[in-house]
Amino acid sequence: MSSGSLSTEGLSPAERYAASRTRQTSAAATPRLEDFRARIDFPLDEFQLASCAVLEAGHSVLVAAPTGAGKTIVAEFAVHLALAQPRAKVFYTTPMKALSNQKYSELASEHGSANVGLLTGDSNIKSGARVVVMTTEVLRNMLYADSPLLRDLAFVVMDEVHYLADRFRGAVWEEVIIHLPQTVRLVSLSATVTNAEEFGDWLQAVRGDTDVIVSEERPVPLEQHVLVRSKLLELFDSSGLAATNRVNPELARLAAAGGRAAGTFRGAHPGRHHRKGTGGSGSEGNRSWDRGAPGQSDRADRPEVVRLLESKNLLPAIWFVFSRVGCDAAVRQVVRSDIRLTEKWERDEIRAIVEERTRPIPDHDLSVLGYWEFLDGLQRGVAAHHAGMLPAFKEIVEELFQRKLLKAVFATETLALGVNMPARTVVLEKLEKFNGEARVPITPGEFTQLTGRAGRRGIDVEGHAVIQWVSGLDPQAVASLASRRSYPLISSFRPTYNMAVNLIEQFGRERTREILESSFAQFQADRAVVDLARRVREQEKALEGYATAMRCHLGDFAEYAGLRRELGDLEKKNARAGNDSRSERDRRQRRITELRRQMKQHPCHACNDREAHSRWAERWYRLKRETDQLSGQIRGRTGAVAQVFDRVTDVLLELGYLVQTDGVVSVAAPGRSLRRIYGERDLLVAECLRRGTWDRLDPAALAALATALVYEPRREGSEAGDRGMPGGTFRAALEGTEAIWAELSDLEAEHRLPDSEPPSAGIALATQRWASGASLESVLRDADLAAGDFVRWMKQTVDLLDQISIVADGELGRTARLSIDGIRRGIVAYSSVA
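A short tour of the structure in this document, coming up. Predicted model only: the values in this text are computed from it and were never measured. (Residues numbered from 1 in each chain as written. Predicted model: local features only at pLDDT ≥ 70, side-chain atom pairs only at ≥ 80, totals over all residues. Heavy atoms only, no water.)

Right, let's talk about the packing of helix α6 (residues 136-144) against helix α7 (residues 170-179) for a bit. One way to put it is that α6 packs onto α7 with a least axis distance of 9 Å and a crossing angle of 45°. Taken together, the axes of α6 and α7 lie oblique to each other. Note on packing geometry: the crossing formed by α6 with α7 is left-handed. Judged by residue contacts, Thr-136, Glu-137, Leu-139, Arg-140, Leu-143 and Tyr-144 of α6 engage Val-172, Trp-173, Glu-175, Val-176 and His-179 from α7. Residues that form the contact of α6 with α7 fall into these classes: 6 nonpolar, 2 polar and 3 charged. (Axes fitted to C-alpha atoms, helices over the stretch in contact; angles between N-to-C directions. Helix = DSSP H or I, 4+ residues; strand = E, 2+ residues; numbered from the N terminus. Parallel < 35°, antiparallel > 145°, perpendicular 65-115°, else oblique. Left-handed = near helix turned anticlockwise from the far one by under 90°. Contact = heavy atoms within 4.5 Å. Nonpolar A, V, L, I, M, F, W, Y, C, P; charged D, E, K, R; others polar.)

The next subject is unusual backbone geometry. A negative phi holds for most residues other than glycine; trans holds for most peptide bonds. A cis amide bond, omega 5°, links Leu-315 with the succeeding residue Pro-316. Within the secondary structure, Pro-316 is located in the loop between α10 (302-311) and β11 (317-320). Even without being glycine, Glu-160 reaches a positive phi, approximately 55°. In this structure, Glu-160 sits in the loop between β6 (153-158) and α7. The class of Glu-160 is buried, set by a relative accessible area of 19%. Not every positive phi belongs to a glycine, and Asp-784 is a case in point at roughly 55°. Mapping Asp-784 onto the fold places it in the loop between α30 (776-783) and α31 (787-807). According to the relative accessible area criterion, Asp-784 is exposed, its value standing at 59%. (Buried < 20%, exposed > 50% of the residue type's maximum accessible area, 1.4 Å probe, protein only.)

What follows is about the packing of aromatic side chains. For any two aromatic rings, the description comes down to two numbers: the centre-to-centre distance and the angle of the planes. Overall, the coordinates contain 13 aromatic pairs when judged by the stated rule. A centroid spacing of 5.2 Å and a plane angle of 65° characterise the contact between Phe-36 and Phe-77, whose relative ring orientation is edge-to-face. Of this pair, Phe-36 sits in helix α2 (residues 31-39) while Phe-77 sits in helix α4 (residues 72-83); the two residues are 41 residues apart in sequence, bridging distant segments of the chain. Relative accessible area serves as the criterion here: at 5%, Phe-36 is assigned to the buried category. (Phe/Tyr/Trp six-rings, centres within 6.5 Å; stacked < 30°, edge-to-face > 60°.)

Right, let's get into the sheet that holds strand β4 (residues 124-125). One open sheet holds the 8 strands; their spatial order is β4-β3-β5-β2-β6-β7-β1-β8, and the pairing between them is mixed. Of all strands in the sheet, those bounded by a partner on one side alone are β4 and β8 (210-214). In this sheet, β4 lies alongside strand β3 (residues 116-119) in antiparallel orientation, the contact comprising 2 bridges. When the bridges of β4 are listed, Leu-118 appears paired with Ile-125. Each of β2 (89-94), β3, β5 (131-135) and β6 is contacted by α6, which is oriented at about 105° to β5, the strand it contacts most. (Pairing = 2+ DSSP bridges.)

All right, on to the pairing of strand β18 (residues 658-661) then. Two elements, β18 and strand β19 (residues 664-667), share 4 bridges in a ladder whose sense is antiparallel. Residue pairing in the sheet places Gln-660 in a bridge with Val-665 of β19. In textbook terms, the turn of a hairpin is the stretch between consecutive antiparallel strands, and for β18 and β19 this stretch comprises 2 residues, one of which, Asp-662, has a positive phi near 55°.

Let's shift gears to the sheet that holds strand β14 (residues 425-428). Spatially, β10-β9-β17-β14-β11-β13-β12 is the arrangement adopted by the 7 strands of the open sheet, whose pairing is mixed. With one partner strand each, in any of the chains shown, β10 (231-234) and β12 (382-385) form the two edges of the open sheet. Here the strands of the sheet are splayed against their neighbours by 25° on average, with no regard to which way each runs. Taken together, the 4 bridges between β14 and strand β17 (residues 463-468) define a ladder with parallel strand orientation. Paired with Thr-425 across the strands is His-464, a residue of β17. Strands in contact with α10 are β9 (222-228), β10, β11, β13 (408-411), β14 and β17; relative to β11, the strand with the most contacts, it is inclined by about 150°.

To continue, consider the packing of α10 against helix α11 (residues 324-336). Two elements in contact, α10 and α11, have axes separated by 8 Å at closest approach and are oriented at 70°. By the angle between their axes, α10 is roughly perpendicular relative to α11. In this structure, α10 meets α11 at a crossing whose hand is right-handed. Of the residues in α11, those in contact with Arg-302, Pro-303 and Val-306 of α10 are Gly-326, Ala-329, Ala-330, Gln-333 and Val-334. Looking at the contact of α10 with α11 residue by residue, the class counts come to 5 nonpolar, 2 polar and 1 charged.

Have a look at this one:
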C-alpha cells in the first residue's frame, strides 16, 4: 500500500496525526509538493508539511495553530493542487468582506487575475474562475440554491473556522460543512483551540476522512512584560533559578505593597534583550524614564509609552484600547505631544498612498470625515483602527502598517480577529473590556488572540506583549492568563426559519431532522450527555451503597426518613412564616402533629441505630435529587437541535409557509419566498411582504424601514423619538411591522422559541434623508453616527433591500431597486468597491 492511500478510519485523533506525519515523510518528495516548495522563499514547518501531505493524500484537514504561524500556506497548497488538475476549482471562504478583499488581492497577484474571482455582497468579479474568494454566507446561499458554480469544486478553504462559535453568524459555518458535497475536500484553518480534536472528530463524522494537525508553537517567541510607570518589568522570573512561569519577584513585591515599593527599580534583568533585531532593554538605570515605583493610579501616559518603546526599538506596536473613543483620543494625545516617528521619505510615501486611495472621495466629504487630522497622524506614524472608521480609512491604515510605514496603531479588539497586521509589540492598557452590559475580564483565549499579533515572522527574533500596570493588578493572575491557552470552540448553531424551508425543500422533514442531528452543536451536546450519563451511573452505584447503609431490620427506613424530612421542612416554614394567614399556619400545624404521630408509630422509630440510619438516608436523598437533575439534563440535551427544528417547523406550518399532506411536510408558495430571505428577521420580512405592509412606501421610506430591521442600537436610550422618525407612510408601515413582530413574538413564545428584539427606528430618519440625497455632513450630524457605523448599516440595509427586490412582486420590487440606488452613493458606493 502506498503512503498516499493509508487509511485513518477508526483511528483516534492522536493516531490520525501520527499517520499524517508518516505520510508526510514520503509525500515530501512528491513532484507537486516539491514544485510548491520551490515557489516559496522559506522552508515549511513540520505542521505545514504534514497538512500538505494530508491534502495530497486525498483527505480533508483541520489545521489549528497560533496567529501568524503560517496556516494559510496549507490553503495555498490546496489552490496549487486544484490548478494542477483539469477544471478543478477551489473556493476560499473568509468571515469578513475585508478579509475576502485582501485574500483576493493576494491570490490574484500570485496566480493572475484571470484565474481568481471574488464574490461578496458588494463585489462579483469572475465568479466562474478556477479560484474564487467569498464570504461564508455567499457559499451557504450557493449550496441552498444548488448553484451551477459548484460544479467541479475540489477544495473549500474555511479560513478562521473558529468563527462558528460566533453567536450571530456561527451557524453558517456548520451549514456549509454539513451540506458541501462529500467529494469536496475541506481545508479548515483555526486559531489554537483547546478542543481541536473534538472538532476534528465531528468533521470526521460528517465529512469523512479528516486529519487534525495541531501546532501550539508560535513562530516567533513571545516575551511578556508589565509596564510600571516608565519601567518595563518582565512578567516571569528569568533568573533561571525558579520554576517555569514563576512571577517576577519584583512585581510580586510591588503588588504586595499596594502599588508602592521602597527605593527605585533597577530595571528588568540587564542585557536580556541584547539580541539583534529584538529591541534591547539593556542596563538603563540612569535613563530618564527610570523614575522609581509608582503610586496606585500613577501610570505613564500614552505619548510617554510611545517614546519608551521607540527608545527600546519595540516599534511598530499595536495598542488594544477596547474603546473606539479611547483609540481616537490616544491618537490625538500622541499628535498633540508632537511625536514624529517617521522620516521624510516615509512621510512622502504615506501622503502619496493616502491621496491615491482617497482620490474618489469629494473634498467636502473628506473634510467632514476628519481627513486632514487623519493624514497628520498617519504622517507622524500613528493611527486608530476600529469599526467606527470609514472602511477606506481602515484599509489605508492596514496597508500602511503592512508596509512598515506606521509605527503605532491604537485599535479595538476586532483587529485581533481581522486582517493581517502583525507588530513587534502588543500593548494591553487594561485586562477587562465592556461586553455591552458590564466590564468583564478578558478570557485566556482573548488574551492569546490579542498578543498573537506580536512578533513578525521573518523580521523579529521575538515578539513582546506589554501589560500596563493599573491599581489592583494581580501579577499572578496576569501570569495565569498569559500561561493558559484556553480557547474552547463551542457551537452556536440553531435552526432558523430560512434554514428550515431550504432543507425541507431539498430533503424533506425527516431527512432534515437527521441532518440537523449531525451538527456540531448536537455532537457537543451528545458528548456532554456521555459525561452526564457516566456521572449518573456512578451516582446510582453510590445510591445503592447509601440504601444498604440506611437499611433497618425493623422496617422501611426510606419511608421513615421521608416523614422526618417533611416534618423538618414544615417546622422551618413555621419558624419564618410571620406573614402567613392564620388558616395556613393552622393547616401546617395539623400536618406537623400528624407527622409526629406517624413517626412514633413507625417501626423504625424504635431502632437503636435510628440516627446513624438517618444520616445515611439524608445523604441518599441529596444524591438522589442531584441524580434526578442530571437525568433531566440528559433528556433535555438528547436531540436538542432537532427539537428546536420541530418547533420552528410547527410555527411555519401554523403560518402556512409549510403544508402537511398525508403526513408529509412540504414547502408552500410563501415558503419559497422565505427561502431567499436571509438574516435574523427572515420570518418578519417574509410576513411583511406577504401582507403588503410596505406596498405604499416610496424608495426613501422603504430604505428607512429596511434600516429599522437591521439596525441595533449600541446603547440603551439611543432610540429616536417621534421627532427623530420619518413621517407620512413610513410611520404607518412601521406600526404595521411592529404589530406583525408582536404577533410572531407571541407565537414563538407559545412554541418555546427565543424571542427577538423589536424593530429599531433609531437611524431611520438619517437613512431616509441619505436616500433622498442629503449631504453626508448633515446625515452624520443628525444621526450622531461615526462614518464607519453609517456605512456598515447602509451596507446591511442594501443587502436586505437586494433580497426584497428579488422576492417582492411588482411595484415593491422596483421600489427596492430604487432604494438601493438612493443609498449606494458617495462614501457608501466608494466603500462598496474598496
